[in-house]
Amino acid sequence: MRASAASRRLSLAAGLLGAAASMACSRREPPPLPAAGAPAPAGAPAPAEAAVGGEPSAAVSRIERDGLSIAFELRPIPGAGGRLEARSDATAVFTITDAATGAPARDLSPLAWMTRRAGAPPDDAGCQEKIKSFMAGLISVRPDVDMNASLLWTQNDDNTLSVINSQIAFSRSKLRSLVTLAAGSTSLALHPDGSRLYVTLQNGRGLAVVDTRRSMVEANVPVGADPMRVAVAPDGRTVWVGNDGDGTVSVVDARVAEVLKTLHVGAGHHEIAFSDGGRTAWITSRDAGSVTAVDTGALEPVAEIEIGEGAAAVAASDAAGAVYVANEQRGEIAILDAGRRALSSRVAVKPGVSAVQFEPSGRFAFALNPAKGEVSILDASTGALAHTLAGFASPDAIAFTNAYAYVRNLGENRVSLIELPSLQRPGKLAVIEVQVGQQAPRASKSARSAAPFALLPEGNGAVIASPADKALYYYVEGMMAPMGTLSNYDREPRAALIEDRTLKEVQPGVYATTVRLGEAGAYDVELLLGDRRVAACLEATVAPSGVPVEDRSPGLTVEPLFDGSVELEVAKPVTLRFRATPRAPAPPLEAKEMKVMIFRFPIGFRDVALPRAEPDGAFSVTFTPPEPGRYRFMVEAESRKAPLGALPYVDLHAGSPGAAPAAGGAR
């Protein structure tokens, strides 16, 4: 049995920090950089820009420590106009080599942070203390830039997304933030660079665009009726939203959060897959009986392939040059030739097949049939059914690591792991049953149509959402049971994903990740190499912003004119007054531009009201608490760049009748 790489390196790092006397931080000035065109030492890594993109920075911080040469630099994101300024995104690059030979130092597990320098650079002891505090997960000492975070996002049964920091230890996992959406959500997708999360909303609220760095909604994009499925194109330029209510797909520009085009693709539920390196989108329409192929560059349909009504899922494999469509009603997998954009063959399975997905190599496709309790496996090299596995309890969701297929059993509290290497061997497939949680997912109404597996960045396990238990379970391959449990703070997690912000070895000896820079100034860069027993401090400088950065801050401020600390009384109406001030030179707000949401926190009662204009220029709403508890008061004004969640909220408290003063906190 083995622990995850993240857990291993964190525990090792903590032990190293305990032996602080054996380590030191250094800011020694490096020797001059070699002249342009000078040959690199034998075995030295190639220029990092070949792997991470962008031009090399002139400001490179270098040190030597315990036989290692360590260099750090910030590079502009490719395509960002060469800017490396305050509040911009950048690529953080560590190049680590053997100081004597120049050979790349490979397979390290670096942990790194950046903190804005307030005074003189810290000495060795100060540097070590900062790293210790970061490792301990102290809220009071947070870095400005964390290059180690793997944040867990959960889509909840209410109108929220939870952001959980599970990296330090399960016993100290924390709800880092809670993102409140304008309505309940149906599905979500993460941008390839991790900067944005796209969430389809109910009740006509469209597509929410969530800034993952700030954990806040930055826009709600109007799309078609009843948006359900959302998918981000592989190049990250467009976001595709299937609108089940009007037979359309909205294609959204990911850069400016605006609809580029609305495609009419047919009635019914839509699923979306991409092939040919993302150059073709394949869209199913359950009630139309056809699959539409769309050129993602021109945003024009290039083929419409008849397969019959009942298309429930679609998956594409560039390795196989094929697109597989699961037809639930007909009980078959329709195989499409991706190059010819034509139906190639049909493989009979059983009615009820509702999901299909290719494993990482792209050769084998797994089709799930909850109604029959079966998993069918098709070999794309032959276009035939290779295996049929029975004994599942309504299998409805699947995800893959390189070693296993993870299958959720909707009807039982277990996850079935199908060993992928056994697909290549004769005989029976190896299947491992792992009990997860206390209740079957079916015990929760939030379980269906969910994505319960958040794969670990290390590729050897998953965090598994259990809506019925209101918890998430951490599983590492090789174990017979989950290693730990994460609370979802009394919410049912419908889906989960991991936003990986850790440093990766992008080429030998070069470790990089994308970061969001803070304000201008000098920064200390703290680095810990646990495997080499090395701690070091470097430095970086962030320049003031010389080019205006797109302003995504709200276009107004809200000042509550009531005391949120005064307890309200159940069943007694109270007037809550507030002032909303637009940023100059914008015109004054009108009441019709705003909405006020008040909901029971964390889950329960929710009410949306239109505010009234008051004679003194303020606004007000009347609220009657239905039961004792904690409530949250939030204001939105879409026309002023303030979607729900962008403005600060106010917490309210309601007690039993007779517990609150007559004024109700209003003033």
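Attention here is on the structure that accompanies the text. The numbering scheme is per chain: residues are counted from 1 as the chain's sequence reads. Local features in a predicted model are, by the rule used here, given only for residues with pLDDT of at least 70; side-chain atom pairs are given and counted only at 80 or more, and totals for whole chains, interfaces and linings are based on all residues. Side-chain measures were taken over the full set of non-hydrogen atoms in the model, leaving aside hydrogen atoms and water.

What follows deals with the nonpolar core. Residues enter a nonpolar core if they are buried and are Ala, Val, Leu, Ile, Met, Phe, Trp, Tyr or Cys, with the set joined through side-chain atoms within 4.5 Å. Buried residues are those whose accessible area, probed at 1.4 Å on protein chains only, stays under 20% of the maximum for their type, while exposed residues exceed 50% and partly exposed ones sit between those limits. Grouped together as the largest cluster of nonpolar side chains are 29 residues, with contacts concentrated most on Ile70, Phe72, Leu74, Phe94, Ile96, Met114 and Met147. In this description a helix means any DSSP run of H or I spanning at least four residues, a strand means any run of E spanning at least two, and both kinds are numbered starting from the N terminus. Taken together, the elements giving at least two residues each to this core come down to strand 2 (68-76), strand 3 (89-98), strand 4 (110-116), strand 39 (510-516), strand 40 (521-529) and strand 41 (534-542). Once residues within four sequence positions are removed from consideration, Phe94 is found in contact with Ile70, Ala71, Phe72, Ala112, Met147, Leu503, Gly509, Val510, Tyr511, Val525, Leu527 and Leu538. Listed in part, the 27 residues of the second largest apolar core include Ala399, Leu417, Val434 and Ala462. Here, two residues are considered to be in contact whenever any of their heavy atoms come within 4.5 Å of each other.

If the charged atoms of two oppositely charged side chains come close together, the side chains can form a pair. Put simply, a salt bridge is a Lys or Arg side-chain nitrogen that is within 4 Å of an Asp or Glu carboxyl oxygen. Scanning the entire structure with this criterion turns up 34 salt bridges. We note a salt bridge from Glu73 to Arg75, for which the minimum N-O separation is 2.9 Å. Glu73 sits in the buried class, given a relative accessible area of 8%. For Arg600, the salt bridge is made with Glu627, and the minimal N-O distance between the two is 3.0 Å.

Below, the discussion takes up the environment of Ile70. Mapped onto the fold, Ile70 is located in strand 2. Taking the C-alpha atoms as reference points, Ile70 and Leu538, separated by 468 residues in sequence, lie 8.9 Å from one another. Contacts of Ile70, omitting those with residues within four sequence positions, involve Ser61, Arg62, Ile63, Phe94, Thr95, Ile96, Leu527, Leu529, Val534 and Leu538.

Right, let's talk about the environment of Ala618 for a bit. With respect to the element layout, Ala618 can be found in the loop between strand 47 (612-613) and strand 48 (619-623). The exposure class of Ala618 is buried, given its relative accessible area of 1%. Leave out the neighbours within four places in its chain, and Ala618 touches Leu561, Arg577, Phe578, Arg579, Arg612 and Ala613.

Right, let's talk about the sheet that holds strand 31 (residues 414-419) for a bit. Pairing between strands requires that DSSP locate at least two bridges from one strand to the other. Strands sit in the order 29-30-31-32 across an open sheet of four strands; the sheet is antiparallel. The open sheet terminates on both sides in strands that have one partner only, identified here as strand 29 (395-400) and strand 32 (431-435). Mean inter-strand twist for the sheet, computed between neighbouring axes without regard to direction, equals 25 degrees. Strand direction decides the pairing type here: strand 30 (residues 404-409) and strand 31, joined by five bridges, are antiparallel. Bridging across to strand 31, Tyr404 finds its partner in Glu419. Axis lines are fitted through C-alpha atoms, for helices just across the contact stretch, and the angle between N-to-C directions can take any value from 0 to 180 degrees.

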